[in-house]
Amino acid sequence: MRYTLRQIEYFIATAETGSITLASERINISQPSISTAIAHLEQELDTQLFVRRHAQGLILTSAGKALLVEAKRLLEHAQQIYQVASEANDKVRGQLSLGCMVTLAPMIMPELSHAFTSAFPSTKVMQVVGDHDTLLQKLSNAEIDVAIMYDLLVPDGFDFVPLASLPPHVLVGEVHPFARLSAVTVQDIAPEPLLLLDLPISREYFLAIFMQAGIDPNIGARSPHQDILRTMAANGYGYTLANVRPRADVAMDGRKLVRVRLAGDHKPMVIGLVSLRDRRKSRLIELFERHCRNRISDAYIPGMVAPAMEKRVRLP
């Protein structure tokens, strides 16, 4: 065989992103190196793996699609060699592909990943960010090993390990009338413009709060980007609903935000670890799950004000 596992890795990244540029950003390798690797694979295997279309990027040929399936299996088996050696000599090493909800990732992933690789220097955490449906699909396809997600609509075939609960709250700018209150009700906020987080599952979760009260919200704007909604709220466009609690109480433009408790009995979003039930967990994955259980709880969440700590300082 005159191809390397590194070339296979570059091929997989390109096939999954459909672009050498995106593959380069994903695996932090130069574009010429990736192009050379793919050209070598096509020459060595004597087959075309991609159709190159200017408007659509790189599209897998039928041979490329078949190779992608086998390439993933090959890398998975190659990774198991490290795992076998790791279990034999009691040294933890290898690469973990970690998925995380886009709304959680900026706060949780940096500290969590760095703490793990500091504890186990021979490991590497590859971070993948996406929405609920995207992460479940990547877990099903074995593109990621485990994901940090919410407990909303986790289908059969997946395991969910709960870590911390995040009840919903109202977020407004510092000059908004709600900012002076310790709590508001659904009835209070309904007439005001709602800046809705327009992501799969999250969108339905927030709208269900109004549905349970028999009230139609006044939707002023929608966006799948949490930071845009925070900045709009800080600038007086209305209010947004959120579960995450960043330690910084400012929007991206530096304007101050105020978090107000949403009174009533509302289902919290539960942060947890999701994994594919039928997939064998390596020692590396088991250690990472233990790491998450030790570092994420109602008393402490990386990058956030934990609900348990907030209750000690906020008015009931």
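Residues numbered from 1 in each chain as written. Predicted model: local features only at pLDDT ≥ 70, side-chain atom pairs only at ≥ 80, totals over all residues. Heavy atoms only, no water.

An unreviewed UniProt entry lists the protein under the name LysR family transcriptional regulator, with Ciceribacter sichuanensis as the source organism. Under the UniProt heading Sequence similarities (unreviewed entry), the entry covering the protein gives this text: "Belongs to the LysR transcriptional regulatory family." (UniProt positions renumbered as here; feature names shortened; annotations may be inferred.)

Draft legend 1. Inspection of the nonpolar core at higher detail. Counting 74 residues, the largest nonpolar core has L104, V170 and L241 as the members making the most contacts within it. Looking at this core, the element that brings in the most residues is helix α5 (residues 105-119), giving six residues. Those residues in contact with L104 that sit more than four places away from it in its chain are I148, Y150, V244, I271 and M304. Grouped together as the second largest cluster of nonpolar side chains are 19 residues, A13, A15, A23 and L49 included. (Core = buried A, V, L, I, M, F, W, Y, C linked by side-chain atoms within 4.5 Å. Buried < 20%, exposed > 50% of the residue type's maximum accessible area, 1.4 Å probe, protein only. Helix = DSSP H or I, 4+ residues; strand = E, 2+ residues; numbered from the N terminus. Contact = heavy atoms within 4.5 Å.)

Draft legend 2. Representation of the state of the cysteines. By the definition in use, this model includes zero disulfides. Summary of cysteine pairing: C100 is not part of a disulfide, and the nearest cysteine sulfur, belonging to C292, is at 9.5 Å. (Disulfide = S-S within 2.5 Å.)

Draft legend 3. Representation of the sheet that holds strand β8 (residues 183-184) in the model. The six strands lie next to each other as β8-β12-β7-β11-β9-β10, forming an open sheet whose pairing is mixed. Either end of the sheet is taken by a strand with one partner, and the two such strands are β8 and β10 (218-223). Pairing analysis gives three bridges linking strand β7 (residues 169-173) to strand β11 (residues 239-242), with the strands arranged antiparallel. Considered in β11, the bridge of H169 is made with A242. The strands that helix α8 (residues 202-212) touches are β9 (193-197), β10, β11 and β12 (257-262); relative to β9, the one it contacts most, it runs at about 145°. (Pairing = 2+ DSSP bridges. Axes fitted to C-alpha atoms, helices over the stretch in contact; angles between N-to-C directions.)

Draft legend 4. Region of the structure containing the packing of aromatic side chains. One pass over the structure, following the stated rule, counts four aromatic pairs. Between F116 and F288, the aromatic rings sit 5.2 Å apart at their centres with planes inclined by 85°, giving edge-to-face as the arrangement. One end of the pair, F116, is in helix α5; the other, F288, is in helix α10 (residues 283-295), with 172 residues separating them in the sequence. Neither F116 nor F288 differs from the other in exposure class; each is buried. Each member of the aromatic cluster is reached from another via a ring pair, and the members are F116, F120 and F288. (Phe/Tyr/Trp six-rings, centres within 6.5 Å; stacked < 30°, edge-to-face > 60°.)

Draft legend 5. Examining the sheet that holds strand β4 (residues 123-130) more closely. As summarised here, the arrangement of the five strands in space is β4-β3-β5-β13-β6, forming an open sheet in which the pairing is mixed. With partners counted over all chains shown, the strands left at the sheet margins are β4 and β6 (158-166), one partner each. Put simply, the sheet's adjacent strands are angled 20° from each other on average, direction ignored. With three bridges joining them, strand β3 (residues 94-101) and strand β5 (residues 146-150) adopt parallel strand pairing. Looking at the pairing, C100 lines up with I148 of β5. Sheet contacts for α5: β3, β4, β5 and β13 (269-276); angle to β4, the most-contacted strand, approximately 170°. Along the sheet, helix α6 (residues 132-140) makes contact with β3, β4, β5, β6 and β13, crossing β5 at roughly 155°.

Draft legend 6. Structural view of the pattern of salt bridges. According to the stated counting rule, one finds 16 salt bridges in the structure shown. Between R203 and E204 there is a salt bridge, with the nearest N and O atoms lying 3.2 Å from each other. By relative accessible area, E204 is classed as partly exposed at 41%. D249 serves as the salt-bridge partner of K256, at 2.5 Å between the closest nitrogen and oxygen. Using a relative accessible area of 32% as the deciding quantity, one classes K256 as partly exposed. (Salt bridge = Lys/Arg side-chain N within 4 Å of Asp/Glu carboxyl O.)

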